[in-house]
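If you want the building blocks of each chain, they are given just below.
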Amino acid sequence: MTDSTTGQAPSRQDRRGPSRRTLLSLAGLGAVGVGASVTGAIASDSPSPATPVVDVVPFDGRHQAGIATAVQANLHFASFDVVATDRADVVSLLKDWTLAAREMTAGIRVGGPGPPPGGNLAPPTDTGEARGLSASRLTLTIGFGPGLFDDRFGLRTQRPAALVDLPKFPGDTLDPARCGGDIAIQACADDPQVAVHAIRNLSRIAAGRAAVRWAQLGFGKASATDTSSPTPRNLFGFKDGTANVQGHNAKALAKHVWAARGDDAATASWMTGGSYLVSRRIRMTVETWDRGSLFDQEQIVGRTKAVGAPLGQKHEHDPIHPDRLPVDSHVRLAHPSQFVGVKMLRRGFNFVDGAARFGHLDAGLFFLAYQRDPRTAFVPVQLALSRADAMMEYLRHTGSGVWACPPGVRADGYWGDTLFTQA
Amino acid sequence: MPSSRLRPAALPAAALLAAATLTACGGSSAGDGTDSSAKNTVNINATDTKCKLDKTALDAGTVHLAVKNNGNKVTEVYIYEGKRIVTEKENIGPGTSYKLTSSLKAGSYQVACKPGMTGDGIRTTIKVTGTGGTSVNPQAKKAVDDYRTYVQSQIDSYMPVVDEFVAAVNTGDVAKAKSLFAKSRFGWETIEPVAESFGDLDPRVDLREADLETGQDWTGWHRIEKELWVKNSTQGMGPIATQLAKDVRELQSKVPTVEMTVASIGNGAKELLDEVATGKISGEEDIFSHTDLSDFQANVDGAKKAFEVLKPLIVDDAVVTLLETEFANVQTALDKYKHGDGFVSYDTVDEAQRRELSRVVDALSEPLSKLTAAATG
């Protein structure tokens, strides 16, 4: 099917103000972003390329930003239900979102840096809370859930085989209100307000076409994707993600993270260069965990608490010998050697959603893992962990999602265009 | 019921008056006392290819365009301020003349002749300087007049229902009072933003228990609602009901002179949908009677009327189409809950259903928030 929908989009695009003007101004900025990488970019309100800002992550590229990108400090993740009934409205939404995402990731207000259309009798196109803040390495990453691939938009035959409905894992206590959705957007930024601003504005733009189904805030990155940063700690107080796929390791990314040409060739060549994301809201019962002895905690994890060394070793990055670790320890069960070498790129975040019932912290890990194929990665790993991991006693999986994240966007493209224009 | 209930309601309205103030009784838009001698008359020689003005500098105030159609095609003449049409005259036949009169404030305008009555026309910029003039768009005046007529007719036609409700309360007929509660509020709920411009009238009539300050007297519909549904009684409600009818009559008497502008009408439409989004969807408005959906419908009706009277002022057809679509979607969603001559009790509408309603309301509210700018732009 060709993209017969583009011609019908403008009526909805009127929801967004000066798209043409903004496109023009951004076209100029894009050249700066590509040529000078991240050294010469954009101040919050002024598009002057002379202003040096070092915290812009380019939006366009072969792969979406926000996957291999070094993990930022904060997360706002939102799942949307598409409420539009026309394919044309979905395409116009993706175009409008892309435009706004380009602006916000460049540190520019939604609707562009100029005065808002409609003067002071119209609501501002940008909600305003990110004014004066830098781009804060904001990345916006989109994923399509299984629900999008039904008959509403003619996408049924393009659902990737790798986009599986996750099985029920032992011990799942999933809340339907925190599961699934048609489209997910991951906003990551070093400044929490920048991430929140991004999701808020994208939700607003979506009115009438998509509505938030659930959302999650996260902080204190729970895993690093670059060896230059110290390995962060999760809310159990342990280093997490020591053996993670590194964002600068192109070979590992190609092997474990990016969908390749030939994967799912029959239905999903549009995913080439994309990745599959599994999101899990994992509540940690931190009160009971904190009462465990240090010995027990370390036996459950399989690493020392202080430096994160595998038990029996001295240093964090010492080699792991799974057979020397307790049989039900987390590190042993999740070790790649148990799964024919499969790895995932984890970039989860800690969360605390205030207090739950009885005054206990509603806290845990919002697990985010990018992978080439969940059928050989997350699903077997989680099945093994949920059956045997001693840590499961302290974990409750309360939310879940699986998402096909399309490849990156060309300068003249939009989020998901490979799907919506695939023949 | 707005969260801003206790704030002086006149303030936001006052801020908007600058946009396009129209006095209550309308009258001639040109009658501002400015000298309207020949020196403020532009003679226009219109042909099939030309639109020749004999002057392009004018004094603010009453302005005349004396058009002579010397062409072979029927023509029309417009004055534009930006994209906005200030005034227009269509169907000026070949060989005929027409004198178009308008009132212009200082500024830059364009005069356009449209031979054959199509296209953007042949345009000439004119400069208006000095003080005076109202630059009133006759379409804006009509919109305000139409909306005022609507507000008056809503109040007038629902006044007897209010009286009937009050009588039922006064005679202690609980069942009848309950049956009339939602209906008696309907007219009020369609035009509530107008009532909010009268200081304490709105809180006297429509304050919810949750919005009371400690020690504040509680009067109006919701006070009676609580007595009817919680105690199944009208005990002590007589004076409150009588005062309610008096207050609504006060509003009725004030409608002819209340300040109304295109901006206040557009903003009122947005406020009505805000009311739906924050009060009705959550079930907080009619927390005892669960008649929220009736108020919901009234708010939507009032917003839709505001949109309809402003529609001729909106240049962008896409905005009109989108709003028409979203109003229709909201109505379709509401229609599912119609029951008898009203609606089902809102406590039977579950959370998932409320979320569906909320989503269609959001879908309408977002473009509706741009109505004022679209109608004044």
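Placed above this text is the structure.
For every chain, the first residue of its written sequence is number 1, and the numbers climb from 1 along that sequence. All chains are assigned letters beginning with A, and all ligands numbers beginning with 1, in the order in which they are written. pLDDT decides what is reported in this predicted model: residues at 70 or higher carry local features, side-chain atom pairs at 80 or more are listed and counted, and totals for whole chains, interfaces and linings draw on all residues regardless.

1. Observations regarding the overall build of chain B
The helix and strand tally for chain B stands at 12 helices and 13 strands. Here exposure depends only on C-beta density: within 10 Å of a residue's C-beta, 20 or more other C-beta atoms make it buried, 12 or fewer make it exposed, and intermediate numbers make it partly exposed, the C-beta atoms being placed from the backbone. Of all 377 residues assigned to chain B, the portion counted as buried reaches 47%. Taking the intrachain contacts of chain B between residues at least 6 apart in sequence as the baseline, contacts between residues at least 24 apart amount to 72%. Numbering goes from the N terminus for both helices and strands, where a helix is a DSSP run of H or I of at least four residues and a strand is a run of E of at least two. A residue pair is marked as a contact if its C-beta atoms, positioned from the backbone, fall within 7 Å.

2. Focus on the overall build of chain A
Helices and strands together make up the secondary structure of chain A, namely 10 helices and nine strands. Within chain A, buried positions represent 49% of all 423 residues. Within chain A, contacts between residues separated by at least 24 positions form 76% of all contacts whose residues are at least 6 apart in sequence.

3. Some thoughts on the sheet that holds strand S8 (residues 97-104) of chain B
Residue and element names in this part refer to chain B. The criterion for strand pairing is that DSSP finds at least two bridges linking the strands in question. An order of S3-S2-S5-S8 is seen for the four strands of this open sheet, with the pairing classed as mixed. In this open sheet, the two edge strands, each paired with only one partner strand, are strand S3 (51-53) and S8. Neighbour-to-neighbour, the strand axes of the sheet open up by a mean angle of 25 degrees, direction not taken into account. Note that strand S5 (residues 61-69) and S8 share eight bridges and pair antiparallel. A fitted line through C-alpha atoms represents every axis, and for helices the fit uses only the stretch in contact; the resulting angles, taken between N-to-C directions, go from 0 to 180 degrees.

4. Some thoughts on the nonpolar core
Linking buried Ala, Val, Leu, Ile, Met, Phe, Trp, Tyr and Cys residues through C-beta atoms within 7 Å yields a set, and such a set is a nonpolar core. By size, the foremost hydrophobic cluster in this structure holds 174 residues, and its most contacted members are Ala195 of chain A together with Leu310 of chain B. The element contributing the most residues to this core is helix H2 (residues 138-170) of chain B, with 13 residues.

5. Some remarks on the interface of chain A and chain B
You'll often see interface size given as the accessible area lost when the parts meet. On the side of chain B, 19 residues touch chain A, which itself brings 14 residues to the contact. A per-class count over the side of chain A that touches chain B returns seven nonpolar, four polar and three charged. For this classification, the nonpolar set comprises Ala, Val, Leu, Ile, Met, Phe, Trp, Tyr, Cys and Pro, the charged set comprises Asp, Glu, Lys and Arg, and every other residue, Gly included, is treated as polar.

6. Considerations on helix H7 (residues 238-254) of chain B
Helix span is expected to be 1.5 Å times the residue number reduced by one. Given a rise of 1.5 Å per residue, 17 residues ought to cover 24 Å, and the 25 Å separating the end C-alpha atoms of H7 of chain B matches this to within 8%. On its buried side, H7 of chain B packs onto H2, helix H3 (174-190), helix H4 (192-195), helix H5 (201-206) and helix H6 (221-230) of chain B.

7. A closer look at the pairing of strand S6 (residues 75-81) of chain B
All names here are of chain B. Among the seven residues of S6, five are classified as buried, and the element is accordingly described as predominantly covered. Here six bridges tie S6 to strand S7 (residues 84-92), and the two strands are oriented antiparallel to one another. Paired with Thr75 across the strands is Ile92, a residue of S7. Connecting the antiparallel pair S6 and S7 is a turn made up of two residues, with Gly82 showing a positive phi of about 65 degrees. Examined bridge by bridge, S6 and strand S9 (residues 107-113) share four bridges and lie antiparallel to one another. Opposite Val77, over in S9, you have Cys113 as the bridge partner.

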